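Per-entry structural report
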Amino acid sequence: MTLRLTRRGALASGLAAAGGTLAAPAYAQTRERVARIWGEPGPYIGVFTNGMNEWAQRNAPGLRFESEQIAWDAVYTKLATDLAARRPPALISVESPIAYQLAAEGLLEPMQDVNTAIRARERLVDGFTVDDFGTWKGTQYAVPLHHQGCLFVVQDDVRQEAGLSDPTNWTWNDLLNGAKAIQAKRQGSAGFTMALGRNLCGDYHIQQLIWQAGGMTWDPGRSFETTFNSPATIEAYEFIKELYGTMPRSAVEFSFLQVVDQHVTGRTGSSFYWGRTMGRAFDEAKPIYEKMEYYLNPAHPRTGQRWSWTDINGFIMPRQNNPFIREAKEAMAHVMNSTDWMVRYANSLFPNVGPVFKDQATAPALVNNPMYQQKKRSVDVIFTGFVPYACNSGHEIKKGINPLAGIGHGRNVWSQVAQRILVNNENPRAAVEWGHRQFEDIRRENRRLLG
Amino acid sequence: MRFRLSDRQVGVLFMLPLILAVGIFLVWPIAEAVRLSFVRYNPLRPDDQPFVGLDNYLFVLEDPLFWESFWQAIVWTGWSTVLQAVIGVGLALLLHQPLKGMNAFRGLLLFPYIVPTVVIALNWRWLFNSEIGIVNHLLLSVGLIDEKIAWLSTPSMAMASAIMLNVWKYTPFVVIVVLARLQTIPTELYDAAKVDGAGVLRRFRDITLPQLAEVLAVVIVFRTIWTFNKFEEIYLLTRGGPGTSTYNLALYAFDQSIANLRMGVGAAAGVIMLVLLLAGSMLYIRVSGFGREDKAA
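Residues numbered from 1 in each chain as written. Chains lettered and ligands numbered in written order. Predicted model: local features only at pLDDT ≥ 70, side-chain atom pairs only at ≥ 80, totals over all residues. Heavy atoms only, no water.

Some details on the layout of surface pockets
Space left empty within the atom packing is revealed by a probe, the size of a water molecule, rolled over the atoms. The line we're drawing: Here a cavity denotes grid points, spaced 1 Å and computed from the protein atoms alone, that fit a 1.4 Å probe unable to get out, and a pocket denotes an open set having protein on both sides within 12 Å along at least 5 of 7 lines; residues with an atom within 4 Å of a point are the lining. Grid points are joined across faces, edges and corners, and a volume is the space filled by probe spheres set on the points. Starting at the N terminus, helices and strands are each numbered in turn, a helix being any DSSP run of H or I of at least four residues and a strand any DSSP run of E of at least two.
When its volume is computed, the second largest pocket comes out at roughly 1100 Å³. Every residue lining the second largest pocket is counted, 46 residues in all, and those nearest its centre are A:R411, A:E445, B:F59, B:Q256 and B:R262. Secondary structure elements with two or more residues in the lining of the second largest pocket: helix 21 (413–422) and helix 22 (428–445) of chain A together with helix 2 (55–62), helix 3 (64–95), helix 12 (249–259) and helix 13 (263–288) of chain B. At seven residues, the largest contribution of residues to the lining of the second largest pocket is made by helix 22 of chain A.

Laid out in structure tokens, this is it:
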């Protein structure tokens, strides 16, 4: 038998195949409803999603929650494209500056009902309020999820070897002198490391020094006036310039990962970082872990402040084109009402994910974590000690919520100012003035958010 | 009634997939970019797109970072393309030699071109990490340098590192194309030149180069366009830093669109890039005389 293919037949087959190929994804999507949950890179969002799927299996057959890990300097890319495609995620774990911005943009679903269902106000650990996580103009748009404060990480053996005092009461002067002493004592090792790359981590590290000196980017108390070019900000950048002499030269390209790498490979005596450095050292570098201690950030000599850039992280929910609002809220409440799930969440990347609820923070399964047992003083600093100094760009020095900060989040102006000083040898005052103009542009372009 | 198509109608139907593909994936995105460049568009508010005339173009042309990015894009594209062409032709000549095992070398040469850019860029970040990178470690070990080189932390070294990555990854493309052309040059030309007493350099200058001219013109146009538009390598390797020392126009357009939420400004930058490349390519093709011989024939 011979098979003869006519032109008509070829065309019909081709069109049918093309149609089938195009329809396949749509058909596949109708088989199971998938609600996407966004979170930071790390295992914790997966753990939370597992808890939500436990609810779905019992209460919403055919629905599956799926976690997607998104780095926070990539969140805008993803969010912008998904919103433009009218296909947002069901739920986003987000740092509060972005929550404030999106709430002010009118893009979020109110969350009072969830916060009531989980008794968030009563259960929240001391020092935080539900509003800190994402309230705008009296409406709660975020549900508390975790906190992470940026702190001063020190290798105590290196510190003692350099003859330095207990860092508990250190000021900026002690930090600079201590870093110099460590550098002199240990050839080839940095005295101190922070991120100075043009990235989010650089922004965070720099901002906490600005706040400690008493500076701010915008002042909510004065109609969100741009106040970046204050003497305090210039002082902070001058301090960074001096401190840079004790850092690896390549710190100007460092982001999150490089700072942790530097510390856990024993190439620095101290650094600024969140809890993850301890977790990485516990997993990969036991001798470093054993001598590692966390302290509050060194105080500014004049203001005495030790502000910490803190991820005040909550769940927010896109309001438009989100078909999973009711189910995601119920599933979220199911997980958050379970101390067991919330402990699993915090334990999945210990001690990076600070517990937000009292029952979670005091649960035996969390307190008995080996790292908690071995490093109680440091973990207490990470979980509770820093809380009086917890703020971020959306709530600078706790002087008021600011939705402009979310927009500043993606632009790396703070770290660009540092790079102009350190890489281009620009005068700190001139570089700060450049930064001031960028922030003023953000304020002018987004005045509508301030209402 | 039996439905019959004429040959002409069938021909049109066969062309339809191509017309649709070009329309959807080429014409429509360009038209959409041009449209976006005349509106103010915050991607978080996709339904709100007021017409702003030439404001986005004025913003771009008045922005010092655009001009800084433009000149850096020229440096990045110029060095990358020239080095790829020179090294590519050199390697192609070597691989054209009838030596044992040459096919294996030709296969291996494709490796950088095959590996995804994201893998290469992240590996290079590790290799060139000034603290724990193997490049500094090796150079220190053999005594070639006394102190670590900040490969990605100083403006000039960061640009040089980015160019090196681009040259390493895309030279194989030049090699493949040039090698294919070399294999079609009639050997009689070389034999005749040898009989006439032409040396190696003379044969290269008077036979090989003229024979390669057309293919090199095409390769250089393509490599220039692709390199000028290149985004992911610089983004993944240096993110435009340190400072803005490795910013190119693609990165500028991306940052304006996504980080600064000014999609209209990003689109305007993209349209300006399109015009620049179109003008540059036409000028280059005219100067290089590409296709002139065919027309004469």
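Now that the structure has been shown, we can carry on.
A few points about the UniProt feature "domain: ABC transmembrane type-1" (unreviewed entry) in chain B
This is how it is decided: UniProt positions are given in the numbering used here, feature names are shortened, and annotations may be inferred rather than shown by experiment.
As annotated in UniProt, the feature "domain: ABC transmembrane type-1" (unreviewed entry) corresponds to residues 70–284 of chain B in the numbering used here. Across residues 70–284 of chain B, the secondary structure splits into 75% helix and 0% strand, with the terminal C-alpha atoms separated by 19 Å.

Let's talk about the domain arrangement of chain A
Much of the literature gives interface size as the accessible area that the parts lose upon coming together. Residues and elements named next belong to chain A. Short version of the rule: Those domain boundaries reflect an automatic or database domain assignment. When checking whether two residues touch, look at their non-hydrogen atoms; a contact exists if any pair is within 4.5 Å. Criterion for a salt bridge: a side-chain nitrogen of Lys or Arg within 4 Å of a carboxyl oxygen of Asp or Glu.
Domain boundaries assigned for chain A yield domain 1 (32–148 + 311–374) and domain 2 (151–309 + 384–450). Taking the mean C-alpha position of each, domain 1 and domain 2 sit 27 Å from one another. Taken together, the contacts link 30 residues of domain 1 with 29 residues of domain 2. On inspection of domain 1 and its partner domain 2, the count reaches one salt bridge. With a shortest N-O distance of 3.0 Å, E105 and R448 are connected by a salt bridge. The dominant element in the side of domain 1 that touches domain 2, judged by the number of residues it contributes, is helix 4 (residues 96–104), at six residues.

Structural notes on the nonpolar core
As a reminder of what qualifies: Here the nonpolar core consists of buried residues drawn from Ala, Val, Leu, Ile, Met, Phe, Trp, Tyr and Cys, with membership extended through side-chain atoms lying within 4.5 Å. Relative accessibility under 20% of the residue-type maximum defines a buried residue, over 50% an exposed one, and the middle range a partly exposed one, all with a 1.4 Å probe and only protein chains included.
Core analysis: the biggest nonpolar cluster contains 161 residues, and A:F48, A:F65, A:L196, A:Y237, A:F315, A:M332 and A:M336 have the highest contact counts within it. Built from parts of two domains, this core gets at least three residues from each of domain 1 (32–148 + 311–374) and domain 2 (151–309 + 384–450) of chain A. If near-sequence neighbours (up to four positions away) are discounted, A:F65 is found in contact with A:A35, A:I37, A:T49, A:M52, A:N53, A:W55, A:A56, A:E327, A:A328 and A:A331. Residues B:V167, B:I234, B:A250 and B:V271 belong to the second largest nonpolar core, which totals 34 residues.

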